[in-house]
Amino acid sequence: MAEQPSRRGVLGTILSALAAPFLLPGKLFAALRSPRKPKWGMVIDLDRCTGCQSCVVACRVENNVPVAGPELNEQDRAIFWMDMLTVPEGKYPDLRTQFIPVPCNHCENAPCVKACPVHATYINEEGIVAQIWGRCIGCRYCTTACPYSRRYFNWKAPVWSESQKQYLNPDVATRPVGVVEKCTLCHHRIRARRMKARLEGRELTDADVRKLPACAQSCPADAITFGDLNDPESEVSLLSRSPRAFKLLEELGTHPKLTYLREAKWKE
Amino acid sequence: MTRHLPLAAIYGYFGAMVLGMLGLRYYASTHATNTEQPIPTFSHEVHVGKNKIACSTCHEFTNLADGKLARRPGIPSVQKCMECHIDTKDKPGFQLLHGFYERRESIVWNRIHTLPGHVYFPHHRHIRALAEKQELKLSQTDDSGYIKHDEKGVALGEAEGQAKLCANCHGEVKYMSKIRQVRSLSMGWCVSCHRENNASIDCLTCHQ
Amino acid sequence: MNRRHFLKQAGAAAAGGLFLGGCDSRDPYAPEKAPVPGTDAFHTWQEKLVSSACGQCPAGCGIRVRVVEGRAVRIDGHPGCPINQGGLGPKGQSGLQLLYHPDRIRSPIRRDGPRGSGLWKPVSWDEAIGEIAGRLKELRARGDSKGLVVLDGEPRGMMPQLWDRFLLVYGSPNHVDHRSATDGGKVLAMAYMHGVPELPAYDWSRTRYVLGFGASLFESWCQSIHLARAATQWRRGMPGQRVKFVQVSPRFSVTAAKADEWVPIEPGTYGALALGLAHVLIRDEAYDKDFVHDHTFGFDDWKDAEGRPHRGFRDLVTKDYPPERAAQVTGVSVRTIERLAREMVDHRPAVSLADGGAAAATNGLGTAMSIHALNALLGNLERPGGMLVQRAAPLAPWPAVEPDAAAKAPRVDGAGTDLPLARGFVQGLPEAILSGKPYPVQALLLYRSNPVFSKPDGRKWVEALQKIPLVVSFSPLPDESTFWADLVLPDHTYLERWEIVEPVPSMGYPVLTLREPAVKPLHDTLASGDALIRLARAIGEPTAAAFPWENYRTACEARLKGLLGAKNASVAATSPGELRKGIELAGGWSQQPYPFEQWDGAFATLSKRFEFYSRTIAKRLAEVPDLEKRLESMGVATRGDDLCLPHWEPPRFGGDPGEYPFLLVAYRGMNHAEGGARHIPFLRELPAAGRHSWSEMAEIHPDDLARLKIKEGGFVWVESPAGRRRMMAAASPGTRPGTVGVVLGNGAWPPARDEQTPGAASLLVNRSDPLAGILALQGTRVRVRKDGA
């Protein structure tokens, strides 16, 4: 007859099983879990930004954003996934101007996602607030809901001349008239880079993605950093814990994954 | 007589069905698509079915083995056609081909399998996944990365297997003298296959 | 078979890719098919990254162009290039809109009707070049070779050197650049005080204090992208220990907003402030005495060989520019002047620098020299963190040529004769052409130049162009000047040609980038270097012998050989092929570190020292007959030794202050260089410029707008004695009250032939520094009138 496990033995086994996650070293435990999904985030250092707007143009080229032209631009209907806000303050000669590059904040508690009646916008498993153009019905609830005005409606069908069509990025679909579009954190670049990494038999590293989106790559001042917020050692995580860090309209509780860095202006 | 009537009817019924199917098949192989190609006599049936040439011989970015696997299958260039047909001029189709070659023009094939522009469909990922699933034997390549073939240029070995892999979406092209679309290529069809194979069904996986 | 095995087998398969789908034509709401022609039919899916060099501005950043199936679809900065280190500016990003511009001229064209009729006929390259060669040959045969003028808009690199060579052999002194209308002041200050006629360079990474006089470091400084990267280093560290950047300017620009401190100042008075600062440094004995003693000339009073006493810089500054006077002139308080001087001393190495546009006034040369002199007082020349002289890369020289005697004739623009201190005087050309003095201009070649649009007196330029028997433009796009040309030989864009790029000076140590074609030429165009070589051949002797190369690329490659085996080079190579591959990989060629404190070769002046008192100026002025009378007639207030020293005299403005109450502040923005980027839609639609960015804007202080009862966004006429222009009024809190800010280079696209004032430059009264020929960008008064009133 097999020896019955003692009551104490059973209890001990259960307890140790329960305690295992806490006793095991953190890294080993992480390895035991299913592969961790990244959570993409971005940090923009306003002290470094020189207001050149290279990120704006880089974004428009990369993502096939059409040029609005004089008329639509006058109506404030030009599309800038990456926008440059200029905030002038004061009166001559006591002046101050803030230049704030604003892409989509990719909120964790995104008002636009709640507003969408057709599930055309949702937060994907890697934290990207995605917009599925094909599903969008153009109701523009999301553009109203977004407190940062980071969503753009296509008021007109994009027009490219035959020669201009040549430079369109083949990795990004063009959007038709009547849908809302927004920043995708250059999802197509993440995908391509991940594919490349896998072919080399590894997963994405922080160095792979640090300057991955078009805006971050083009920034001459190195002010934009991209990376995985779930990795506490990634540069974007470290920077987002900086004492200079703040988020746009934090008080709304949207929990943006975009962090800004700025300190008070140096005065004598 | 009357006793055999039901049997005759049954034979007749099934016979007609078989005939009908054969007829449909014949019709489908000739008329199912009315897309006229620039070289109307070009036939996958001859290339794949009769001569057993591997898909990746011409669609060179579908070859798992030679490191060129890419997002797009690759439509062969006229240069590729001429590798075999440089000396064949005996049929009108070949004359058309040589015409393109002499004018240094690309052949503008009419596209049969199309997906909307907002869909991201990488061939390489699908080929790899399906090959893994079906445990297919892959292209055999020589040291320089070319597919081994016999004196007639027929790829050795894996042609069958690879064609079977591609057939998942493109149908049995070896029976098609003219390529036609056999799958709906609709989102529902994509998603059902993704579900079956535990592939991601996050919207951003395919939508771009 | 497991996954790993597949991965191994697949190896480094081409990553990323192209997918193009068609859409169902029955579904009207289906997104458009990615409109990439050709690929639906034939896709080999070839993707490559081409290493090249940007050509959207003279900075010469290293780039990598993503080319998919022969189409360039993306330009990014080359991470290895020492200039931009992976970043790229908005102009560089939008280069594809230039390459694929629908308005590009597709083949050489010849006028097919009267001048300016707009009727053109395509011709072959041989025919076009043959025709020009015939005309130039005839010109030379009848001894009129000096009547050929080349207007060259490229500041540095192979093409200006090829033009020089061509004109030297052909026999014309008239290689006119645009310097006098852009950053001529800085170059002349360097030429007369350092002996090096080139823009200054700085050790950006080690400096601790930057005092900018209107220096648009982050907008239109020639190396704005490098500066953006350098400024990220300035921002490191705690306040008090890190770099402080102070910007002095009348207009609250982007650079001023990004500076640590902004000091507003009266327009045209930078020189007085610099001399006021120098006064404080000398008064407090805070200047670098050792440096001034060892390496400068003309600080103290001195006597020349004949025993005549001359005034020194110390005397001039101590007597004439006490801070109180500087404060009165500039509007900067005495306290601020004293503080800035103290800060500069406390934060050494400190540099003082001016923008080309800042020194562009009727007192331009004196102003540029004053700002320049501060660096010598602080003893930072040729020292880490200080001001440097750009060293040239050791490119192999082309074989020497025999200059034609006519190449030594006086220049048609009067530089060196009528304007004794000028090195070029582009804005004086229309007058010279129309008057036919000193001699008539017989042929004009416009290389990267559109003077009708970018220079003052646009209408006068049109008349002048019509008077010249042969006008040839090399512009790849139609512009205001090509309208009046006889022949247009369209250039390749920078993404289609092969050449060595010498970036404008910035870091001091030699840097080169290599421009290689990213795509095949889209149209029947030809690199102007090739066109010039073919032209030289077609003319025959003597120019043919001076251009022995097969094409422009081989001419460049011949020079690259000099880099083989260079010491301290970033790319070590023993063969040309290896060198090219190395440069492609590294994103550029450089030779670091800079040879600091090598005093032997640092100054090329007559005294072999830094000259506060420029002996070259003294020599040039001594050659002018009737100097006193000339100065009187030119309206120069300064006399005697002061002319050779850094000095300041009140700027003179065109227009009566009663009639024209506003001062025009013409500046260059990030997106519009003076040549204009108005044909590039991405640059005309930048969000910081607001929703009216497509319109030309007159930036006016809100109080002035209210006084004039003009609404923001309403149209106004900005009128100067030179011309008038309809612009949109923009309320701009950063504009100094009493001034109107206008960005140069903005304007209509496609260009209009009949416009009276083709660009904002036409508002400028054509005034210059009377001796040095520096165009006074800050020298025009205007009035603002409501449109329709």
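These numbers were taken from a predicted model, which means no experiment stands behind them. (Residues numbered from 1 in each chain as written. Chains lettered and ligands numbered in written order. Predicted model: local features only at pLDDT ≥ 70, side-chain atom pairs only at ≥ 80, totals over all residues. Heavy atoms only, no water.)

With that out of the way, let us pick up the overall build of chain C. Along the backbone of chain C there are 26 helices and 29 strands. Judged by the C-alpha coordinates and their principal axes, chain C covers about 85 × 75 × 65 Å. Looking at chain C residue by residue over its 789 residues, the buried ones come to 67%. Pairs at least 24 apart in sequence give 73% of the contacts found in chain C among residues at least 6 apart. With an accessible surface of roughly 27000 Å², chain C has 51% of that area assigned to carbon and sulfur atoms. Seen as two clouds, the 95 positive and the 88 negative side-chain charges of chain C have centres 3 Å apart. (Helix = DSSP H or I, 4+ residues; strand = E, 2+ residues; numbered from the N terminus. Buried < 20%, exposed > 50% of the residue type's maximum accessible area, 1.4 Å probe, protein only. Contact = heavy atoms within 4.5 Å. Areas by Shrake-Rupley, 256 points an atom, 1.4 Å probe, with all protein chains shown as cover. Lys, Arg positive; Asp, Glu negative; His and termini not counted. Charge placed at Lys NZ, Arg CZ, Asp CG, Glu CD.)

Moving on: the nonpolar core. Core analysis: the largest hydrophobic core is formed by 185 residues, its most contacted members being C:Phe213, C:Leu217, C:Trp234, C:Phe313, C:Leu377 and C:Phe612. Considering each element in turn, this core owes the most residues, 10 residues, to helix H9 (residues 270–283) of chain C. Among the nonpolar cores identified, the runner-up in size contains 63 residues, and A:Cys116, A:Cys146, A:Leu248 and B:Leu204 belong to it. (Core = buried A, V, L, I, M, F, W, Y, C linked by side-chain atoms within 4.5 Å.)

Further remarks concern the packing of helix H6 (residues 184–194) of chain C against helix H14 (residues 364–377) of chain C. Residue and element names in this part refer to chain C. At a closest axis distance of 8 Å, the pairing of H6 and H14 adopts a crossing angle of 65°. Crossing of H6 over H14 shows right-handed handedness. Contacts between H6 and H14 involve Gly185, Lys186, Leu188, Ala189, Met190, Tyr192, Met193 and His194 from the former and Leu365, Ala368, Met369, His372 and Ala373 from the latter. For the contact of H6 with H14, the per-class residue count stands at 9 nonpolar, 3 polar and 1 charged. (Axes fitted to C-alpha atoms, helices over the stretch in contact; angles between N-to-C directions. Left-handed = near helix turned anticlockwise from the far one by under 90°. Nonpolar A, V, L, I, M, F, W, Y, C, P; charged D, E, K, R; others polar.)

The next thing to look at is the sheet that holds strand S1 (residues 47–53) of chain C. All names here are of chain C. The antiparallel open sheet is built from 3 strands, whose spatial order is S1-S2-S3. Where the open sheet ends on each side, the last strands, each with one partner, are S1 and strand S3 (71–77). For this sheet the average axis-to-axis angle between neighbouring strands, irrespective of direction, equals 25°. As paired elements, S1 and strand S2 (residues 62–68) share 7 bridges and run antiparallel to each other. Bridge pairing in S2 places glutamate 47 opposite valine 68. (Pairing = 2+ DSSP bridges.)

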